[in-house]
Amino acid sequence: LNKETKTCVSQQSCAIDGKWSPWDDWSQCSTSCGNGWEKRERWCSQPYPQHGGRQCVGDRAEVQSCKLRPCPVHGKWSPWGDWSECSVSCNKGQSTRRRECSQPYPQHGGRRCAGHTFKLQSCNVQPCPVHGKWSPWGDWSECSVSCNKG
C-alpha cells in the first residue's frame with residue numbers, strides 16, 4: 001500500500017484528492033437475444049475530493065457489447081412455384097404446385113411456416129371425347145326379290 005501523508009501547518013484543511021470506488025457489477029444485457037450492450041459505473045467517492053483536491057481521472061462508466069444468444073428467426077414461405085402439367089388430358093386430372101419454408105429457414109427456435117407446402121387443383125375436367133365406331137356387321141337380310149338381282 002502506498003500512502004502519502006502531508007503535514008498541515010495552518011488552521012486551513014488540507015486538500016484531499018478524490019479516488020474511484022470499485023467498479024459496480026455489469027448491468028443486465030440490454031437485449032434478451034442478439035447484439036446489445038451492458039454498462040458498469042464507479043464514483044469518485046473514496047474519498048470525495050475536498051478542500052480543493054483534484055477530481056478523479058478517467059471514465060466514470062464503461063459500456064461494452066453483449067450477446068446472450070442468437071435471436072429466433074421465424075420461417076417465411078418462398079413464392080409458389082408454377083403449376084405442374086395436368087395428370088390427364090380429360091376426365092378431371094390434377095395439377096400441383098409447391099413452395100418451401102426457406103425465406104428464411106426457421107433458426108434458433110424460430111417458428112416453422114404455417115400452412116401447406118403443396119396445393120392441388122383440378123384440371124382438364126371436360127369429358128374425354130367419344131369417337132364414333134362401327135358396330136359389327138349384322139346378319140344378311142333376306143333378299144328383296146326371289147329372282148334376278150335384288
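In what follows, the structure referred to is the one given above.
Keep in mind it's a predicted model, so treat the numbers as computed, not measured.

Quick notes on the rules
- Residues numbered from 1 in each chain as written.
- Predicted model: local features only at pLDDT ≥ 70, side-chain atom pairs only at ≥ 80, totals over all residues.
- Heavy atoms only, no water.
- Helix = DSSP H or I, 4+ residues; strand = E, 2+ residues; numbered from the N terminus.
- Buried < 20%, exposed > 50% of the residue type's maximum accessible area, 1.4 Å probe, protein only.
- Phe/Tyr/Trp six-rings, centres within 6.5 Å; stacked < 30°, edge-to-face > 60°.
- Lys NZ or Arg CZ within 6 Å of the ring centre and 35° of its normal.
- Salt bridge = Lys/Arg side-chain N within 4 Å of Asp/Glu carboxyl O.
- Contact = heavy atoms within 4.5 Å.
- Disulfide = S-S within 2.5 Å.

**Details of the overall build of the chain**
Along the backbone of the chain there are 0 helices and 4 strands. Reading the secondary structure of the chain in the N-to-C direction produces β-β-β-β. Along the first, second and third principal axes, the C-alpha set of the chain runs to 170 × 20 × 15 Å. Within the chain, the proportion of its 150 residues that are buried is 17%.

**Structural notes on the packing of aromatic side chains**
For the structure on display, the rule yields 0 aromatic pairs. For Arg99, the ring lying beneath its charged end belongs to Trp77, and the centroid distance is 3.9 Å.

**Looking at unusual backbone geometry**
The step from Gln46 to Pro47 runs through a cis peptide bond, and the omega angle for that step is 5°. The topology assignment puts Pro47 in the loop between β1 (35-41) and β2 (61-67). Cis geometry marks the peptide bond from Gln103 to Pro104, where omega comes out at 5°. Here Pro104 shows up in the loop between β3 (93-98) and β4 (118-123). With phi around 50°, His51 is a residue other than glycine that occupies positive phi space. Structurally, the position occupied by His51 is in the loop between β1 and β2. Positioned with a positive phi, Asn124 is a non-glycine residue whose angle comes to about 45°. Examined against the element boundaries, Asn124 turns out to sit in the segment after β4.

**Topic: the pattern of salt bridges**
Enumeration over the complete set of coordinates arrives at 5 salt bridges. In this structure, the salt-bridge partner of Glu41 is Arg60, at a minimum N-O distance of 3.3 Å. Placement of Glu41 in strand β1 and of Arg60 in the loop between β1 and β2 is noted, with a sequence separation of 19 residues between them. Assessed through its relative accessible area of 38%, Arg60 is described here as partly exposed. Taken together, the shared-partner salt bridges connect Lys39, Glu41 and Arg60 into one network.

**Side note on the side chain of Ser102**
When you line up the elements, Ser102 lands in the loop between β3 and β4. Those residues within four positions of Ser102 in sequence are excluded, and the remaining contacts are Lys76 and Ser78.

**With respect to the state of the cysteines**
Counting across every chain of the model gives 6 disulfides. Paired through a disulfide, Cys33 and Cys71 show a sulfur-sulfur distance of 2.1 Å. Across the S-S bond linking Cys33 and Cys71, the dihedral sits near 95°, which makes this disulfide right-handed. Pair noted here: Cys33 is in the segment before β1 and Cys71 is in the loop between β2 and β3, with a separation of 38 residues, a long-range link. Cys33 gets classed as buried once you look at its relative accessible area, which sits at 16%. With relative accessibility at 30%, the residue Cys71 sits in the partly exposed group. Through a disulfide, Cys44 is tied to Cys56; the S-S separation comes to 2.1 Å.

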